[in-house]
2 protein chains.
Amino acid sequence: MCELLGMSANVPTDICFSFSGLMQRGGGTGPHRDGWGIAFYDGKGVRAFHDPKPSIDSEIAHLIKEHPIKSLVVISHIRQANVGSVCLENTHPFIRELWGYSWSFAHNGQLDPRLYDELTLRFYRPVGTTDSEFAFCWLLGEIRDAFPERPDDISPVIDLIHERCERLRGYGVFNMLLSESSLLIAYCTSKLSWLTRRTPFGQARLMDEDMIVDFCHETTDSDIVTVIATEPLTHDEPWTPVKKGQLTVFKGGIDAEYRYSAQQE
Amino acid sequence: MCELLGMSANVPTDICFSFSGLMQRGGGTGPHRDGWGIAFYDGKGVRAFHDPKPSIDSEIAHLIKEHPIKSLVVISHIRQANVGSVCLENTHPFIRELWGYSWSFAHNGQLDPRLYDELTLRFYRPVGTTDSEFAFCWLLGEIRDAFPERPDDISPVIDLIHERCERLRGYGVFNMLLSESSLLIAYCTSKLSWLTRRTPFGQARLMDEDMIVDFCHETTDSDIVTVIATEPLTHDEPWTPVKKGQLTVFKGGIDAEYRYSAQQE
C-alpha cells in the first residue's frame, strides 16, 4: 500500500513538519520505498516533484524539507508498489488538465483488474501502468464528459465525484486525494484521518521522527490549516478519522462539505 | 524574449554543464529574470521543475546544477515575460498528455493576439495566460484531432507539426522545443543553434560562466549528445544554426529529420 498526505490552508503554509514525518515512512519507519511525490499549488499553477527513489534517500525530498515551499493546497504520496513497476511515470501524484485547471490525484489502495475492462477511458490515458493512474484518468474523463465547462456552482461536480468514487470502491481499496487548485477533495474506503490546526495553537510531536513544533511561533491567529493523512502523523493532537465511503472537501483549511449538503437540502 | 535549451542523447546524460550556462542568463549575464523551468524525461515519465524566481536565485536550480539528473531528452526555458504575468502557471515548459505520453513544450518568441480569435482550441486549455501555452494547447489539439491514436509511423505526425508551426509563424516569432519522451522536436523562426558532441570528444568553455569541461573524462566512445539552444552556449565548438522555418527532429542524439524527408521522396 501507500501513504497519502494532503493539506488545505487559508494562508500560504509550508508542509515541512508533516512532510518530515511522512518522509520517514518512505524507507525509514515505514516500508514505502518505491518512490514519492508531492504537488504544491501556487495560484492555478502547480509545482510537482516526483522521485522513484525512497524519500529518505532523496535529495529533492531533503530540499523540500529544508526550503519551505508555501502553498494553500498540497497533495503528497509515498509509494509501496503493488500494481506497476517502480519508475517515474508510476509515481503519484498524477496531473492532468481539465477546464484550464491542473488536477492532481494520489491514491492509496489496490483495485481489481476488472476495472480495465469495465471502465471506459474517454479523454485521458495513463502514461504509466498503475491502477491508480487508470482510475484517475477514468474519474477525470467522467467529470469532463458530464461537465465540459466548469460550472459556477461546483456542488454537482462534487456529487458526481462522490458517485464515481463509490463505483471505484466496488473494485477494492480506494482512498484518494484530489485537487484542482482551491479544493482538497478526499475520499476514504479504509484509512484517512484529518486534523485542523487553528487558534489557540499548541505543540505537536511527530510520531515518526524526534521533532516537536510549537505552532504558536509559526502562525498568526487567523491561520487555519487542515492536514489529512493515511495515519495520524502526530501525538498530542485530536485526529478525526474519515468515515468509510465519505467524501470530504476542504477549502481554505475548512471542511467545506456542508456547503454542498446544505445546497442539496 | 526567452531562452530555450534542449538535449537529446543516446545514453542517459546530465545537462549540468549547459544548464550552468543557461542559468547565468536568468538574471546574471542575461535579462531573463521571470522564471525558469526544465523537464527531464526518464522513460515515459517526466520530471519537471518550475520556478517563477530568477534562475540565478533559485534553490531548485542550484540543486539541479549540483545533483546531476541523467536523461535522454531534456527541455529547459528561462523566461523574460512579455505576454502573461510572472507566476508559476506561466512558467515553461508546459506539459499535457496525449496518447498516454507526456508532451512538454517551451517557446521563445511573441505571437500576435489575433491567434486567440483565429485558432480554435479542441481538447486542451491553457492554465496560465501566455500566448505560448495557448499555442501549445492548439498544436497538441491539432495533433490529437488528426491522430486520435499514435500511429506506428510517426512521420505524418511530424509533417503535421511542421505545417502547424508554419501557421503559428504567421503570428510572430515562434521558436519552440517539443517532446513526447523519445523525440526532441525543434522549430525555428529566428534563433536556435545546435551542436552534436561525439567521439573524439574535446574541451568546451562556457560563454556565460568561467567553466571548462573536458568531455573525454565524462563520456564513453559510443555517447552521442546533441544540445540545442537559442544562442550557442560554448566557445570552441561548431554550433549549427537552425534555418528559419526548419523543423528538426533529434532522436538518441542524432538529427533524425532525414528519415522523414527520405520517406517523402
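Scroll up to find the structure.
These numbers were taken from a predicted model, which means no experiment stands behind them.

### A look at the packing of helix H4 (residues 131-146) of chain A against helix H5 (residues 155-169) of chain A
Residues and elements named next belong to chain A.
Consideration 1: It is at 10 Å that the axes of H4 and H5 come closest, and there the two elements cross at 145 degrees. When the axes of H4 and H5 are compared, the crossing they make is right-handed. Across the interface between the two elements, Ala 135, Trp 138, Leu 139, Glu 142, Ile 143 and Ala 146 from H4 touch Val 157, Leu 160, Ile 161, Arg 164, Arg 167 and Leu 168 from H5.
Consideration 2: Residue composition of the contact of H4 with H5, by class: 9 nonpolar, no polar and 3 charged.

### A few points about the pattern of salt bridges
Residues and elements named next belong to chain B.
Consideration 1: Tallied over the entire structure, the rule returns 32 salt bridges over all chains.
Consideration 2: Of the charged contacts in the structure, one is a salt bridge between Arg 114 and Asp 112, with a shortest N-O distance of 3.7 Å.
Consideration 3: Residue Asp 112 is classed as partly exposed on the basis of its relative accessible area of 31%.
Consideration 4: Here Glu 118 makes a salt bridge to Arg 114, at a shortest N to O gap of 3.1 Å.

### Comments concerning the environment of His 235 of chain B
All names here are of chain B.
Consideration 1: Along the chain, the position of His 235 falls in strand S13 (residues 234-235).
Consideration 2: Put simply, His 235 and Arg 169 are 66 residues apart on the chain and 30 Å apart in space, counted from C-alpha to C-alpha.
Consideration 3: When residues no more than four places from it in sequence are discounted, the contact partners of His 235 are Ala 204, Arg 205, Leu 206 and Met 207.

### A closer look at the pairing of strand S8 (residues 183-187) of chain A
All names here are of chain A.
Consideration 1: Counted residue by residue, S8 has 5 buried out of 5 residues, so it is predominantly covered.
Consideration 2: Side-chain alternation along S8 places Leu 183, Ile 185 and Tyr 187 on one buried face and Leu 184 and Ala 186 on a second face that is also buried.
Consideration 3: The sheet contact formed by strand S7 (residues 175-179) and S8 spans 4 bridges and is antiparallel. The residue bridging Met 176 from the neighbouring strand is Tyr 187, located in S8.

### Focus: the sheet that holds strand S10 (residues 203-206) of chain A
Where strands meet in a sheet, backbone hydrogen bonds hold them as pairs that are either parallel or antiparallel.
All names here are of chain A.
Consideration 1: One open sheet accounts for 3 strands, arranged S11-S10-S13; its pairing is antiparallel. Looking at which strands have only one partner, the edges of the open sheet turn out to be strand S11 (212-214) and strand S13 (234-235).
Consideration 2: Note: S10 against S11, 3 bridges, orientation antiparallel. Its bridge partner lying in S11, Arg 205 is registered against Ile 212.

### Regarding the interface of chain B and chain A
Consideration 1: The partner chain A presents 31 residues to the 31 residues of chain B that form the contact.
Consideration 2: Overall, the association of chain B and chain A removes approximately 2,500 Å² of surface from exposure, summing both partners, and the carbon and sulfur fraction of that is 53%.
Consideration 3: Counting across the interface, chain B meets chain A through 6 salt bridges.
Consideration 4: Put simply, Arg 125 of chain B and Glu 149 of chain A hold a salt bridge, and the shortest N to O gap is 2.9 Å.
Consideration 5: Across the chain B-chain A interface, the total number found is 14 residue pairs in polar contact (both at pLDDT 80 or more).

### Considerations on unusual backbone geometry
Consideration 1: Residues Thr 199 of chain A and Pro 200 of chain A are joined by a peptide bond in cis, for which omega reads -5 degrees.
Consideration 2: Relative to the elements of secondary structure, Pro 200 of chain A occurs in the loop between strand S9 (193-197) and S10.
Consideration 3: Cis peptide bonds are those with omega within 30 degrees of zero, and the linkage from His 92 of chain B to Pro 93 of chain B qualifies with -10 degrees.
Consideration 4: Backbone geometry at Ser 181 of chain A places phi at a positive 135 degrees, although glycine is not the residue there.

### Re the side chain of Ser 20 of chain A
Consideration 1: Along the chain, Ser 20 of chain A falls in helix H1 (residues 16-25).
Consideration 2: What makes Ser 20 of chain A buried here is its relative accessible area of 1%.

### Concerning the side chain of His 77 of chain B
All names here are of chain B.
Consideration 1: Among the structural elements, His 77 can be located in strand S4 (residues 70-78).
Consideration 2: Of note is the side chain of His 77, whose polar atom sits 3.5 Å from the side chain of His 92.
Consideration 3: A polar side-chain atom of His 77 sits 2.9 Å from the main-chain carbonyl oxygen of His 107.
Consideration 4: With sequence-adjacent residues up to four places away left out, His 77 is seen in contact with Cys 2, Glu 3, Leu 4, Gly 35, Trp 36, Gly 37, His 92, Ala 106 and His 107.

### A short note on the relation of the copies chain B and chain A
Consideration 1: Each copy superposes on the other: chain B lies on chain A with an RMSD of 0.0 Å after a rotation of 180 degrees and an axial shift of 0.0 Å. Here the copies are linked by what is in effect a two-fold axis.
Consideration 2: Here 100% of the interface residues in chain B have copies in chain A that are interface residues too; the copies meet face to matching face.

### Quick look at the sheet that holds strand S8 (residues 183-188) of chain B
Residue and element names in this part refer to chain B.
Consideration 1: Strand order across the open sheet formed by 6 strands is S5-S6-S7-S8-S15-S16, with antiparallel pairing between neighbours. Every other strand in the sheet has two partners, leaving strand S5 (94-98) and strand S16 (254-255) as the edge strands with one partner each.
Consideration 2: The pairing of strand S6 (residues 101-108) with strand S7 (residues 175-179) spans 5 bridges and is antiparallel. Counterpart to Phe 105 in the pairing with S7 is Leu 178.
Consideration 3: Running at roughly 30 degrees to S8, helix H5 (residues 155-169) makes contact with S6, S7, S8 and strand S15 (246-251) of the sheet.

What counts and how
- Residues numbered from 1 in each chain as written.
- Chains lettered and ligands numbered in written order.
- Predicted model: local features only at pLDDT ≥ 70, side-chain atom pairs only at ≥ 80, totals over all residues.
- Heavy atoms only, no water.
- Axes fitted to C-alpha atoms, helices over the stretch in contact; angles between N-to-C directions.
- Helix = DSSP H or I, 4+ residues; strand = E, 2+ residues; numbered from the N terminus.
- Left-handed = near helix turned anticlockwise from the far one by under 90°.
- Contact = heavy atoms within 4.5 Å.
- Nonpolar A, V, L, I, M, F, W, Y, C, P; charged D, E, K, R; others polar.
- Salt bridge = Lys/Arg side-chain N within 4 Å of Asp/Glu carboxyl O.
- Buried < 20%, exposed > 50% of the residue type's maximum accessible area, 1.4 Å probe, protein only.
- Pairing = 2+ DSSP bridges.
- Buried area = accessible area lost by both parts, 1.4 Å probe.
- Polar contact = N/O pair within 3.5 Å; in protein donor to acceptor, adjacent residues only side chain to side chain.
- Least-squares fit on C-alpha atoms with pLDDT ≥ 70 in both.

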